[in-house]
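Notes for the structure review
So the chains spell out like this:
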Amino acid sequence: MQLVLDWDGTCTEVDGLHMLLEEFGDREIYEHMQGVLGAGLTLHEVIAAEIATITLPLDFAVGWMREHVTMRPGFKELAERASPIVLSSGFHELIEPVLAREQIELEVRANRLDARPDGWRPIWRDEAVCATCGEACKRGALAEQHYVFVGDGYSDRCAALAAERVFARDGLARYFDRLGQPYERFETLHDVAAALGV
Ligand SMILES: [Mg+2]
Ligand SMILES: [Zn+2]
């Protein structure tokens, strides 16, 4: 069965886009936006408002990400053994250079970035609104497929609910707890590999 991995906070130890926003974005807008996510604004609206506060040249941001973003233990082994897809609500421009640093090639489904000097703008991969959650969510990228989903956050909720098997940590685990839905908890990607027997 296809293995699908969220990127930020799942493949990486800490959400790289959040790190970038905290370091170089507007912290007040960032904190406000985290509070209204799912309560009036969609994930796309929140991400667009957050990254609009970043005016860094893309090269500099990529260099900073390659230096500061660390991989969750077991990432390389799982990537090599299970040929996962990476499905992210982040951006190719920030994910691919970190994958290249790790010398791993994976299929990445993510958005594109227009890194304008007056504020970054997203170019969304897919803006179709999902009939289940009412947002342009990750589920559409996986339609008609059976998959195992591994994730940690808000953007993973709807796609994880449609998975055959779910590995969750952090906010996604709390969400599944609230719903009383079954999932397997993970901290490292060694945990996931062991449970999948790969
Ligand atoms: Mg995540
Ligand atoms: Zn959805």
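Summary of the structure given here. One numbering rule holds for all chains: residues counted from 1, following each sequence as written. Lettering of chains starts at A and numbering of ligands starts at 1, both following the order in which they are written. In view of the model being predicted, local features appear only for residues whose pLDDT reaches at least 70, and side-chain atom pairs are presented and counted only at 80 or more, with totals across whole chains, interfaces and linings using the full set of residues. Hydrogens and water molecules were not included; the side-chain quantities draw on all heavy atoms of the structure.

**Points about the layout of surface pockets**
We place a 1 Å grid over just the protein atoms. Points where a 1.4 Å probe fits but has no way out form a cavity, open points with protein on both sides within 12 Å along at least 5 of 7 lines form a pocket, and any residue with an atom within 4 Å of a point lines it. Grid points are joined across faces, edges and corners, and a volume is the space filled by probe spheres set on the points. Of the volumes computed, that of the largest pocket is approximately 560 Å³. Together, 26 residues line the largest pocket, and Asp15, His18, Gln34, Gly153 and Tyr154 are the ones closest to its centre. Contributing elements (two or more residues each) for the lining of the largest pocket: helix 2 (16–24), helix 4 (43–51), strand 2 (85–91) and helix 9 (170–179). The numbering of helices and of strands both runs from the N terminus, where a helix is a DSSP run of H or I of at least 4 residues and a strand a run of E of at least 2. Broken down by element, the residue count for the lining of the largest pocket peaks at 5 residues, all from helix 9. Of the residues in the lining of the largest pocket, the class split is 7 nonpolar, 8 polar and 11 charged. The computed volume of the second largest pocket comes to approximately 330 Å³. Amino acids outside the nonpolar list (Ala, Val, Leu, Ile, Met, Phe, Trp, Tyr, Cys, Pro) and the charged list (Asp, Glu, Lys, Arg) are all regarded as polar, and Gly is one of them.

**As for the environment of Ala79**
Within the element layout of this structure, Ala79 appears in helix 6 (residues 75–82). Sequence separation between Ala79 and Phe149 is 70 residues, and the spatial gap between their C-alpha atoms is 14 Å. Contacts between residues were defined by any pair of non-hydrogen atoms, one from each residue, lying within 4.5 Å. Not counting residues within four places of it along the chain, the set of residues in contact with Ala79 comprises Pro84, Ile104 and Leu106.

**Quick word on the coordination of the magnesium ion (ligand 1)**
Metal coordination angles have textbook ideals: 109.5 degrees for a tetrahedral set of four donors and 90 or 180 degrees for an octahedral set of six. Summarising the metal site, the magnesium ion (ligand 1) is bound by the protein donors Asp6 (OD), Asp8 (O) and Asp152 (OD), whose distances to it range over 2.1 Å. A donor here means any N, O or S atom no more than 2.8 Å from the metal (3.2 Å for Na, K and Ca); water is not included, so a site may seem to lack partners. Coordination of the magnesium ion (ligand 1) draws on donor residues from a single chain, spaced D-x1-D-x143-D in sequence. With Asp6 in the loop between strand 1 (2–5) and helix 1 (7–11) and Asp152 in the loop between strand 5 (147–151) and helix 8 (157–161), this residue pair connects regions lying 146 residues apart in the sequence. Accessibility assignment for this pair places Asp6 and Asp152 in one class, buried. Buried means the residue's accessible area, taken with a 1.4 Å probe over protein chains only, is under 20% of the maximum for its type, while exposed means over 50%, and partly exposed covers the values in between.

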